[in-house]
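# Residue-level structure breakdown
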Amino acid sequence: MVTMRIAVSGASGLIGSALTASLAADGHEVVHLVRREPRTPAEVRWDPMAGTVDTTGLAGCEAVVHLAGAGVGQRRWTEARKKVLRDSRVLGTAAIARAAAALDPRPRVLVCGSAIGYYGDTGDAWVDEDSPKGTGFLADLVRDWEAAADPARAAGIRTVHTRTGLVVARSGGAWAPLFPIFRAGLGGRLGSGRQFWSFIALRDEIAAIRHAITTESLSGPVNLTAPEPLTNREITAAMGRALHRPTLAAVPAPVLRLALGEFAGDVLSSQRVRPRRLLDSGFAFSFPHIDEAISAALDPALPGPGGKGWPPSEAGPEEDEH
Ligand SMILES: NC(=O)c1ccc[n+]([C@@H]2O[C@H](COP(=O)([O-])OP(=O)(O)OC[C@H]3O[C@@H](n4cnc5c(N)ncnc54)[C@H](OP(=O)(O)O)[C@@H]3O)[C@@H](O)[C@H]2O)c1
């Protein structure tokens, strides 16, 4: 296998830490783009707000994977928080794209994290990469976030936007808090439960990003979601099965809106996303079904793309008592 020098922003996050572990396990040289003073030779400084990147540290990178951005579900969406969500992605992406375009030689590919929030609330209708943008804050944000990579595109760098669904993982992201809730027997459908959730196992997410790095035919938006999205009601039942707990609780939509504010709209909205470009480019999901995705999240010993025990962060102190 040919190894590469690959720069990754947001490398400390859920997806970034699993990706960098997977790449390093396969012998790739990983450069971490960090927002603080670098502590090791493998770290390179960037400042998304100031729009600066230490391009000398990126010399020789053949691929750049940009995953940085303030957490969408971590806090209530006040106007101030929305500005942080937006600026961290739009200004950050523009800075990375300009830096990639300025390198000589240029990287062959820029993979930018993105989200299925682009499609808005689409009810029961299937959507794929050719579907139009939806409405709402997230849809507008994703449009601007993806457009911010234009300097890389203009420089001829193959640019992929990984429109990611709900990542099924125990160690971070929007799904992680569901595990203790369901384990406590307090899990249940959210709102009507009829809304579709387009999910993806963390290991498939990482494999798909790696597929995007190496698949020359891929550019533009690529949906990173399992092929068979399910309703919230069906996923609730699957969580109950996996954790051997009842799922009789239900959280009515008004309560969710009170608790989460505008972000509740994201949890309650329906997105039935087809990963058409991934499938057309020959990507094979290892965990296409929800039961497999949940089992993979619960099983720290399951081999992943990086080998046995991958990713290390899931084998940490957070052992499942089940
Ligand atoms: N997890 C999901 O279910 C999911 C679904 C759809 C889309 N996505 C998107 O995929 C990307 C990666 O997701 P993730 O789950 O790995 O996210 P994450 O765990 O929240 O990590 C994101 C990383 O971004 C950096 N970051 C945090 N605040 C920032 C700020 N204000 N400005 C710039 N960088 C900041 C941090 O890395 P450093 O401290 O190392 O810089 C952080 O670890 C994100 O853009 C996310 O929106 C994720």
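An unreviewed UniProt entry annotates the protein chain as TIGR01777 family oxidoreductase of Actinacidiphila acididurans. Per UniProt, the comment on the protein chain under Sequence similarities (unreviewed entry) is "Belongs to the NAD(P)-dependent epimerase/dehydratase family. SDR39U1 subfamily."

With that out of the way, let us pick up helix α7 (residues 232-243). The first and last C-alpha atoms of α7 sit 16 Å apart over 12 residues, in line with the 16 Å expected at 1.5 Å per residue. The complete set of buried residues in α7 reads N232, I235, T236, A238, M239, G240 and L243. On its buried face, α7 sits against α5 (178-183), β10 (188-190), β11 (196-197), β12 (199-201), β14 (230-231) and α11 (290-298). Just downstream of α7 lies H244, where phi reads positive at about 55°.

Let's shift gears to the pattern of salt bridges. Enumeration over the complete set of coordinates arrives at 19 salt bridges. In this structure, R108 engages E216 in a salt bridge whose closest nitrogen and oxygen atoms are separated by 3.9 Å. Of this pair, R108 sits in the loop between α2 (79-102) and β6 (109-115) while E216 sits in the loop between α6 (202-214) and β13 (220-224); the two residues are 108 residues apart in sequence, bridging distant segments of the chain. Note on R108: relative accessible area 47%, which makes it partly exposed. In this structure, R158 engages E216 in a salt bridge whose closest nitrogen and oxygen atoms are separated by 3.8 Å. Linking R158 in strand β8 (residues 158-164) with E216 in the loop between α6 and β13, this pair joins segments that are 58 residues apart in sequence. Relative accessible area serves as the criterion here: at 11%, R158 is assigned to the buried category.

Among the structural elements, V111 can be located in strand β6. Sequence-wise, V111 and I157 are 46 residues apart; in three dimensions their C-alpha atoms are separated by 10 Å.

Looking now at the side chain of T20. In this fold, T20 is placed in helix α1 (residues 14-25). Polar side-chain contacts of T20 include one of 3.2 Å to the backbone oxygen of S17. Excluding its chain neighbours within four sequence positions, the residues that come into contact with T20 are V8, A11, V30 and H32.

Scoring rules and cut-offs
Residues numbered from 1 in each chain as written. Predicted model: local features only at pLDDT ≥ 70, side-chain atom pairs only at ≥ 80, totals over all residues. Heavy atoms only, no water. UniProt positions renumbered as here; feature names shortened; annotations may be inferred. Helix = DSSP H or I, 4+ residues; strand = E, 2+ residues; numbered from the N terminus. Expected span 1.5 Å × (residues − 1). Buried < 20%, exposed > 50% of the residue type's maximum accessible area, 1.4 Å probe, protein only. Contact = heavy atoms within 4.5 Å. Salt bridge = Lys/Arg side-chain N within 4 Å of Asp/Glu carboxyl O. Polar contact = N/O pair within 3.5 Å; in protein donor to acceptor, adjacent residues only side chain to side chain.

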